[in-house]
Every structure is written in structure tokens, then in C-alpha cells.
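An overview of the molecular structure
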Amino acid sequence: MTERRTMTRRALLVGVGAAGGAGAMFAAMGALGLAPDSQPSDYVPPQPSDFSLKGKGAAKVVIIGAGVAGLTCAYELGKAGYDCTVLEAADRVGGRNLTLRGGDRLPEKDGPDQTAGFGEGVYFNAGPGRIAQWMIAMDYCRELGVPLEVFVNNNASAYVYTRGMKAPVRARTARADLYGYIAELLAKASHAGALNRRLTAEDRERLSEFLRRFGDLGPDLSYRGSGRRGFATYPAIGDGVPLDPPASLAEVLSAGTGRAITMDFGFEQAAPMFQPVGGMDAIVTALVRAVGHDRIRTGTPVTGIRNLPDGVEVTHPGGAVRADYCVAALPPHLLARLPHNLGAQVTAALRTPVPVAAGKIGLEYGRRWWETEDRIYGGVTETDLDITHIWYPSYGYHAQSGLLVGYYNTEKEAELYGRLSPAERRSRALTQGKKIHGEKYRAELRSSVSIAWHRQPHIEGGWVRWPSYEGAFTLLQRPAGRVYFAGDWLTHLIAWQAGAMESARKAVTAIHERVLSTS
């Protein structure tokens, strides 16, 4: 009689994993109903933060500014037992972490208010929009239970467009041509002996092999294009229809695509990047919940800061708050205007960094034509136009409607758009974007909202630029009496939420050590 054996689900999964790897094993788990298809809404962090203040403190701290830096200070100090009060001039929390949804109102200094007319489920991250894997913003999302999803930062199907080009090309095409011609030049120079003084024969052979692969060169070390450039019709049953041959080296160089195809080369532009599910302000919402709504006073602009012999006093139109310590987490150019007794050196230091203009526009469309027609799912189109970038949404794929970031610009370009009315910004952005996507870019627009950060009340800048990371920058790392400073502007991660969080950790650590040493 033959012995019958039953296979357990565990044994089956082990066998599948051994044969097909982790991906096959996970797929099998999904088929058996054992793997989650998404992160649950009641997500619980798997482990606490790697940062905590050791011991408990007993002091009162007033924090000026309910942006990411101020809220992080209140959160970390609260965990260590401190009594914190956060004063915020605006009628909302979050500072530059701003997500707009339908019905939200956006004020502007010396300009009209805008009201977002977005449909249900559509949102616009008007401030930060992405997080790199190594940033501590990821740690706070884990600790606070903020679900994340992938932000597509580099998409070969997005476009590159410069004023030196006859028409936009896919990023993969621009990259393949520039890399191919550069590889050809270097490979032929090496083959002709131009690098003999720098390279051994073995080095030249290795370099040649690398360049053949890097540029997809032919046997004669020439670049003539290849499937890396993409296709007019992609291969399926047939071979596909190739694109026209690449332009000449001179034409490729004159197009000036170098900046566009290296935008994500920086260490902070890791791929993939991430975003909170449902909007970047999920981080602010989680921080506020952890700090406690009762500890945050919105609509309370600070009018003065004074060091006292035994503490600090922060005044506002409704009175004053006295505390043992203060964390000033406002932009430096705003802090410099406040009356205080912190000294002339502090005032001069706060006036040193220069506010940088930055602007964004959210363009809502009734159908996601960038997916259905242009086959672009997330990512960024790079240009040398004054819109600089077009961002495609990394959420809501195949939904009925969606929102593009029609421009994200800084410096002179942002100042240019900031001087325009919202209607004029929209018109200019649509005219520029039409050069890439055609008439549908203008004709099918449903609604829009634009932000000029240098014209935002209580903020007045996208971020700041230091002329030097010495002198004033170093001075403000230290407290002025019982007043400490915090913000991304005090780090080398300016304009990133991670910078604000790193600075907050530094400030609360210094306060805690001081309290414990004097108690």
C-alpha cells in the first residue's frame, strides 16, 4: 500500500521560495491569502525611534512655530516629561508642510486668497513632496504610524525638454544618446592611445569593456543608437518600430540635456523615494496628535522674546508665556524682526541667511491622460523652461482624475511667477507645459492652485541660503541665554523636513542636558 503524504502550507511556501526566490514565495503567500496587499490603516510601528532623551526632565518650554521643527521639539520634549506650549502665528499648523485639498483656502501676502476646487481624493503637496530612504523623516513616519508609499522620482518614460530641442524626448532617449556619445568619445580616445600615460594596458581593457556597456557601443566603438532609446511602437509579437536614428553629437550637445538627466544624481535624491499615503501633512497630523492639540495655540503671533534671570518670556497680542526655556523654530529672517534682548550679534546672525523664493502649481485634470496617452506613471519631466519641472502623481493610478505639479521652480523663476496673479501663473504654466504635452494640457484643465512661498504669511520663503557655514551659522547653533534655535536652516539639509527634525533633536538634547545638570 502506497503511503499518502500531505503537504503543509509552510512546506509548500518553503519549496516555492527555494525554487523561485522571495518574489515567488510572496506571490504564493498572496494567492493563499497569507500576505497583505497593502499596509493596514491601523498600522502599528514595529519598533520605537532610535532617538530618545535619557531620563525625565521637569521644566516648562515655550516653542515658537508649529512647523515640523517646532512640532518635533514638542514631541520629543513631551516624551521626556517637559511641559511644552507651542505658539503659531498662522491659523494652521505645519509651516511649509502643506497639503491642499478641495475647499482649502490659501492666503497670500499682498495678493488674493485662493480656494482649492479639487475633487474628492485629489490633493496637492504644496510644500515638501518626497522623502529619501536614509532621512530621519522615515523614522518618524515609522514611529508615529504614518503609512508610506513609493514616490517615483526617476521615470525613464517622463520627458526631457530644453529650448535647444525641436521636440521633447523621453528621458531614456536623452540619457541613452548623451551617455552613448560620451562613451564613444572616451573609448576611441583610449583606443587611440590618448590615455596611455594614465592607464595601463589592463586598465584600458577594463575601461573599454565598461564603456561598451555604458554607452551600448558597436564593435567599432561607435554609438548608433539601440533599444535603450525606446521605440515608436514597442516590441510584442513583432520586433517593434524603432525610433528615428539619434541626432548627431553636435545636436545632442547643443540641446543641453546634461542638467536635466543628472537632476537625481544628488545623494538626497535617492531612488526610490517615499511619500505618506494621502498627503505629506499626514506627518504633521501625527505629530499634533502625539503632542496634544491643547498644547498648540494657533493664531498667536509672537511679538517679543526676552531672557529673564530665571527663565524666558514670550509675548503675543493676547498676553505672555513664561517658561524655563524657549525654542525659536521660526525662519531666521522672521526671528530677526522680533524685539528681543538676545544681543546684537544674534540679530546680525539671523539676518545673514537669504530667503529663497520657491513656487509650485497644482493642475487638476478630469482624466489621467499622462497615463493613458503618454504612458507616464509617476516621475518628473525636466526642462530648462521657467516651469523647471512637471511632476506626475505617484498615487491614484488609473483613477478617473488626478493632479500634476505643473511647475516647481525657485530663485528668479519663482520670483517671476510670484509677481503674477494666480490666473496669470496658471496661463503661463499651461503655455509652457503645452510645449511638452500638446493642447490637452491647456484644454482639459479642471482646476488649479498656485503657491509662492516667499509671499506666504508667517513664512516668506521656501528656505534660506547661507553665504557660509561659518560665523553666523556656528553662532546660532548655541543658545542665546535660555533661547535655543531650531529649523532646517541650521543644518546641511536645508529645505528638507529631515533637516528640521535633525535640528530639533539637537536643540532638545541640549536643553535636556542642561536641565539634568542643574537639577
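In the block above lies the structure referred to throughout.
None of these values were measured; they are calculated from a predicted model.

With respect to the nonpolar core
Grouped together as the largest cluster of nonpolar side chains are 105 residues, with contacts concentrated most on I63, L335, L476, F485 and W489. If one sorts the elements of this core by residue count, helix α16 (residues 497-518) sits on top with 8 residues. Residue contributions to this core reach at least three from each of two domains, namely domain 1 (48-94 + 281-353 + 463-517) and domain 2 (99-158 + 271-277 + 356-455). Listed in part, the 20 residues of the second largest apolar core include L363, Y365, L430 and Y441.

Quick word on the state of the cysteines
In total, this model carries 0 disulfides according to the counting rule given. Just so you know, C73 is unpaired, no disulfide at all, and the nearest cysteine sulfur is the one on C84, 8.5 Å from it. Cysteine C326 is unpaired, with the sulfur of C73 as its nearest cysteine sulfur at 10 Å. Relative accessible area serves as the criterion here: at 0%, C326 is assigned to the buried category.

A short note on the sheet that holds strand β15 (residues 311-316)
Pairing is antiparallel across the open sheet formed by 3 strands, whose spatial order is β14-β15-β16. Both edges of this open sheet fall to β14 (304-308) and β16 (319-323), since each of them pairs with a single strand only. Strand after strand, the sheet turns through a mean of 20° between neighbouring axes, direction not considered. Pairing of β15 with β16, which is carried by 5 bridges, proceeds in the antiparallel orientation. Along β16, the bridge assignment pairs E313 with R322.

Details of the packing of helix α4 (residues 171-191) against helix α5 (residues 201-215)
One can describe the packing of α4 onto α5 by two numbers: an axis separation of 8 Å at closest approach and a directional angle of 160°. Classed by the angle they form, the pair α4 and α5 counts as roughly antiparallel. Considering only the axes of α4 and α5, their crossing is left-handed. Two secondary-structure elements touch here, α4 through Y179, G180, A183, L186, A187 and S190 and α5 through R204, L207, L211, F214 and G215.

How each quantity is defined
Every chain begins its residue count from 1, and numbering advances along the sequence as written. For this predicted model, a pLDDT threshold of at least 70 governs which residues receive local features, and a threshold of 80 or more governs which side-chain atom pairs are given and counted, while totals over whole chains, interfaces and linings are taken from all residues. No hydrogens and no water enter the side-chain calculation; it runs on all heavy atoms of the structure. For our purposes a nonpolar core is just a set of buried Ala, Val, Leu, Ile, Met, Phe, Trp, Tyr and Cys residues, chained together by side-chain atoms within 4.5 Å. Burial classification: accessible surface area is computed with a 1.4 Å probe over protein chains only, and a residue below 20% of its type maximum counts as buried, one above 50% as exposed, and the rest as partly exposed. Numbering of helices and strands runs from the N terminus; a helix is a DSSP stretch of H or I covering at least four residues, while a strand is a stretch of E covering at least two. In this entry, domain limits derive from an automatic or database-based domain assignment. In this description, the term disulfide denotes a pair of cysteine sulfurs within 2.5 Å. Think of it this way: DSSP has to see at least two bridges between two strands before they count as a pair. Axis geometry follows a simple rule: fit a line to the C-alpha atoms, using only the stretch in contact for helices, then measure angles between N-to-C directions, giving values from 0 to 180 degrees. Every angle not falling under 35 degrees, over 145, or within 65 to 115 is termed oblique; those three ranges are roughly parallel, roughly antiparallel and roughly perpendicular. Helix crossings get a hand from a simple test, with the near helix turned counterclockwise from the far one by less than a right angle marking a left-handed crossing and a clockwise turn marking a right-handed one. Note on definitions: a residue-residue contact is assigned when non-hydrogen atoms from the two residues lie within 4.5 Å.

Keep in mind these values describe shape, not function.
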